[in-house]
Each structure stands twice: as C-alpha cells, then as structure tokens.
Amino acid sequence: QVQVVESGGGLAQPGGSLRLSCAASGNIFSIYRMGWSRQAPGKQRELVAIISNGAVTNYSDSVKGRFTISRDNAKNTSYLQMNNLKAEDTAVYYCNAIGRTTRGYDFDKWGQGTLVTVSS
C-alpha cells in the first residue's frame, strides 16, 4: 500500500507565500513523477506543477514564475513553494505520486487535499 499525504495549507494574504508538502509512504521502490493539482469551488481540477525523478519540472501558465515545485527523493517528498499568492489561487491542492512498488506494481496515488485560501 502506498499513501500520499499533503500538509501546509492555510490562509495567506494576497502577495503572501505558503509552502505545501507532500509525503508518499509505503512499499515504494521508485517514484517517477510527483505533481500538484488544484480545484477551486465550482471549477474543474487543474494541473499546477509536476516534477520527474530527474527533477524536470513543468508548470501551468497560471502559476509560472510564482510557484516552484521541488522534491526530496530520499524522503519521497515533494514541495510546492507558492509566492505572490493571488485570490484566484484559492483552492484545494492535491498531490499525486506515480511510481512502482517494491513488489513491482505500478501505482498512481492521490492525497486527500489541503485547502489554500488567499484573502485579506
């Protein structure tokens, strides 16, 4: 079993910063890709940022230049540093991990999500 747990959400003011963390645990052999998506009220889920196990990153246009995704392979953890936050960044943020277990099975796991609210 592989579990993914996000943390670090909360309330921030416009122009402020927050750092989200995502920890994957269980019988993990390798994680190929970790990513963050978000879903605002009444909107579809949007892919925000992804990072490969080779640290190649990709961002949505809406967060490029403001958000930075990183990962610690030794800890099976991903981070999303969010700067210059805007009201439209308000959403539930979900972490995703894709990889292979020690038994050779592929996995594609999502966390429960963490709420980010940007408001003055």
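You'll find the structure just up there.
What you are looking at is a predicted structure, and each value in this text was computed from that prediction instead of being measured.

Okay, unusual backbone geometry next. A positive phi angle is found at Asn-76, which is not glycine, with a value near 50°. On the secondary structure map, Asn-76 appears in the loop between β7 (67–72) and β8 (77–82). We classify Asn-76 as partly exposed; its relative accessible area is 22%. A positive phi angle, close to 50°, is found at Asn-84, a residue other than glycine.

Per the counting criterion, the structure on display carries one disulfide. Between the sulfur atoms of Cys-22 and its disulfide mate Cys-95 the distance is 1.9 Å. Around the S-S axis, the bridge from Cys-22 to Cys-95 shows a dihedral of about -75° and counts as left-handed. Of the two residues, Cys-22 is situated in strand β3 (residues 18–26) and Cys-95 in strand β9 (residues 91–101); the sequence distance between them amounts to 73 residues. Across this residue pair, the class does not change: Cys-22 and Cys-95 are buried.

Inspection of the sheet shows strand β4 (residues 28–39) paired to β9 by 10 bridges, in the antiparallel sense. Looking at the pairing, Arg-33 lines up with Ile-98 of β9.

Rules and cut-offs
Residues numbered from 1 in each chain as written. Predicted model: local features only at pLDDT ≥ 70, side-chain atom pairs only at ≥ 80, totals over all residues. Heavy atoms only, no water. Helix = DSSP H or I, 4+ residues; strand = E, 2+ residues; numbered from the N terminus. Buried < 20%, exposed > 50% of the residue type's maximum accessible area, 1.4 Å probe, protein only. Disulfide = S-S within 2.5 Å. Pairing = 2+ DSSP bridges.

On their own, these measurements won't tell you what the molecule is for.
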